[in-house]
Amino acid sequence: MKTRRTKLALIGTGMVGAAFAYALSLKRLVNELVLVDLDQARAEGEAMDLRHGLPLIGPMEIIAGGYEDCADADIVVITAGANQKPGQTRLDLLKINAKIVSDIANKILKLGGEPIIIVASNPVDVLTLDLLKTTRLPKGKIIGSGTVLDSSRFRLILAERLDVDVRSVHAHIIGEHGDSELAVWSQANVSCVPLERFFAQRNVPFNREIRDEILNKVRRAAYEVIDRKGATSNAIGVALCRIVEAIIKDEKSVLTVSTCVAGLHNLPEVCLAMPCVIGENGVETVLETLLDKEEYETLHQSANVLLSHARDIGIIG
């Protein structure tokens, strides 16, 4: 793994941005961190709070600034946007956040350079496609947070059902980061043991009803958190940190980020989450996961949901 001096600009210091910045500082993945927010005082407060912990962590440059301070950033992480309210879907946020994220990207690119841009603002898949269209950056350099968090939630639920170390569970959620996402049951396993067999060996029921219940819990997880604390923040902060780590260390890690999948599995021109090899160049390879017939059809249904919303705001004609 390679390490080098890196600079990261974070646009948006709300709950998600603050959680990400905190996770990033604990891991000290970058040398320079610039925090930008419309609420300058909030960005300053977050920078101060993070710097106060550095004597207990190690040296790192953390500042609150403006877009001019983002020049030469290797990575830009965008968490800014309208928050998802109780009862509101991610796709309800589309028209508001499309303008916000597009304006941010244009300001960043006017500074020169070709940073990797990671988008966490929702609806992340449609916004990722919008940025690909408007910035004209190489498609591997525009990355949506996708279902990295959803896959983590999926593995946690499975691990709890099976009473096994969550790190031994290998399972993916793909498609939209939202209500049409799907679980790749056919390929899920626990340390190379197919999931259905592992359930049987643990004497745990594994039928269609159980699978639907588990997937529904994954899909509802964000809503459950939002109902209780107003927003999701900590876990998505960690998920963003994991993506950044894979880039900075050139890990070639496989993560279910959102990227352009046109042609893969005969999909249309949309961005959605698929397992991708992530390294110093961003998304280096999009993997064509083995799917059974039902999973293939459900993935296309998810893509069509996103295609419809992309057309609604004119991203695709």
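Structure shown above.
K.L.:
I would appreciate a short explanation of the packing of aromatic side chains in the present structure.
P.N.:
Taken as a whole and assessed by the stated rule, the structure comprises three aromatic pairs. Seen from their ring centres, W185 and F206 are 5.8 Å apart, and the 65° between their planes marks the pair as edge-to-face. Here W185 is found in the loop between β9 (182-183) and β10 (189-190), whereas its partner F206 is found in the loop between α6 (195-201) and α7 (208-229), with 21 residues between them in sequence. Accessibility classification places W185 together with F206 in one group, the buried group. A cation over an aromatic ring shows up here: R211 above the ring of F206, its NZ or CZ 5.4 Å from the ring centre.

K.L.:
What is the right way to look at the sheet that holds strand β7 (residues 169-170) in this model?
P.N.:
The strands making up a sheet associate through backbone hydrogen bonding, with each pair oriented either parallel or antiparallel. The three strands are arranged β7-β10-β11 in an open sheet whose pairing can be described as antiparallel. The open sheet has two free edges, formed respectively by β7 and β11 (193-194), since each of these has just one partner strand.

K.L.:
Sorry, what's going on with the environment of S180 here?
P.N.:
Along the chain, S180 turns up in the loop between β8 (173-174) and β9. Excluding anything up to four places from it in sequence, S180 contacts R219, S302 and V305.

K.L.:
What should I look at first to understand the pairing of strand β3 (residues 61-64) in this one?
P.N.:
Look at any regular strand and the pattern is simple: side chains alternate between the two faces of the sheet. Here strand β2 (residues 32-36) runs beside β3; their pairing, made up of four bridges, is parallel. In the strand pairing of β3, V34 is matched with I63. Read as a crossover between parallel neighbours, the route from β2 over helix α2 (residues 40-51) to β3 is right-handed.

K.L.:
Please clarify how the state of the cysteines should be interpreted in this entry.
P.N.:
Covalently bonding the sulfur atom of one cysteine to the sulfur atom of another cysteine gives a disulfide. This structure, assessed with the given rule, holds zero disulfides. C260 carries a free sulfur, and the closest cysteine sulfur to it, the one in C271, is 5.1 Å from it.

K.L.:
Looking at this structure, how should I read the pairing of β2?
P.N.:
For β2, a buried count of four out of five residues is recorded, marking the element as mostly surrounded by other parts of the structure. In this structure, strand β1 (residues 7-11) lies alongside β2, joined through five bridges in parallel fashion. Note that in β2 the partner of K7 across the bridge is E32. Following the chain from β1 across helix α1 (residues 15-27) to the adjacent parallel β2, one finds a crossover that is right-handed.

K.L.:
How should the side chain of T135 be read in this particular structure?
P.N.:
Note that T135 resides in helix α4 (residues 124-135). Here the side chain of T135 touches L131 through a polar contact of 2.6 Å, landing on its backbone oxygen. Those residues in contact with T135 that lie beyond four places of it in its chain are A105, L109 and I142.

K.L.:
When you look at the pattern of salt bridges in this model, what are you seeing that I'm missing?
P.N.:
Any two side chains of opposite charge can pair, given that their charged atoms come close. For the structure shown, the criterion picks out 18 salt bridges. A salt bridge links K27 to E245; the shortest N-O distance between them is 3.5 Å. Note that K27 is positioned in helix α1 and E245 in helix α8 (residues 234-248), a separation of 218 residues in sequence. Take K27: its relative accessible area is 46%, and that puts it in the partly exposed class. Of the residues examined, E245 reaches a relative accessible area of 8% and is grouped as buried. For E294, the salt bridge identified is with R208, shortest N-O distance 2.7 Å. Here the residue E294 occupies a position in helix α9 (residues 293-312), and R208 occupies one in helix α7, the gap between them amounting to 86 residues. Look at E294 and you get partly exposed, because its relative accessible area is 42%.

Rules used throughout
Residues numbered from 1 in each chain as written. Predicted model: local features only at pLDDT ≥ 70, side-chain atom pairs only at ≥ 80, totals over all residues. Heavy atoms only, no water. Phe/Tyr/Trp six-rings, centres within 6.5 Å; stacked < 30°, edge-to-face > 60°. Helix = DSSP H or I, 4+ residues; strand = E, 2+ residues; numbered from the N terminus. Buried < 20%, exposed > 50% of the residue type's maximum accessible area, 1.4 Å probe, protein only. Lys NZ or Arg CZ within 6 Å of the ring centre and 35° of its normal. Pairing = 2+ DSSP bridges. Contact = heavy atoms within 4.5 Å. Right-handed = clockwise from strand over helix to strand, strands pointing away. Disulfide = S-S within 2.5 Å. Polar contact = N/O pair within 3.5 Å; in protein donor to acceptor, adjacent residues only side chain to side chain. Salt bridge = Lys/Arg side-chain N within 4 Å of Asp/Glu carboxyl O.

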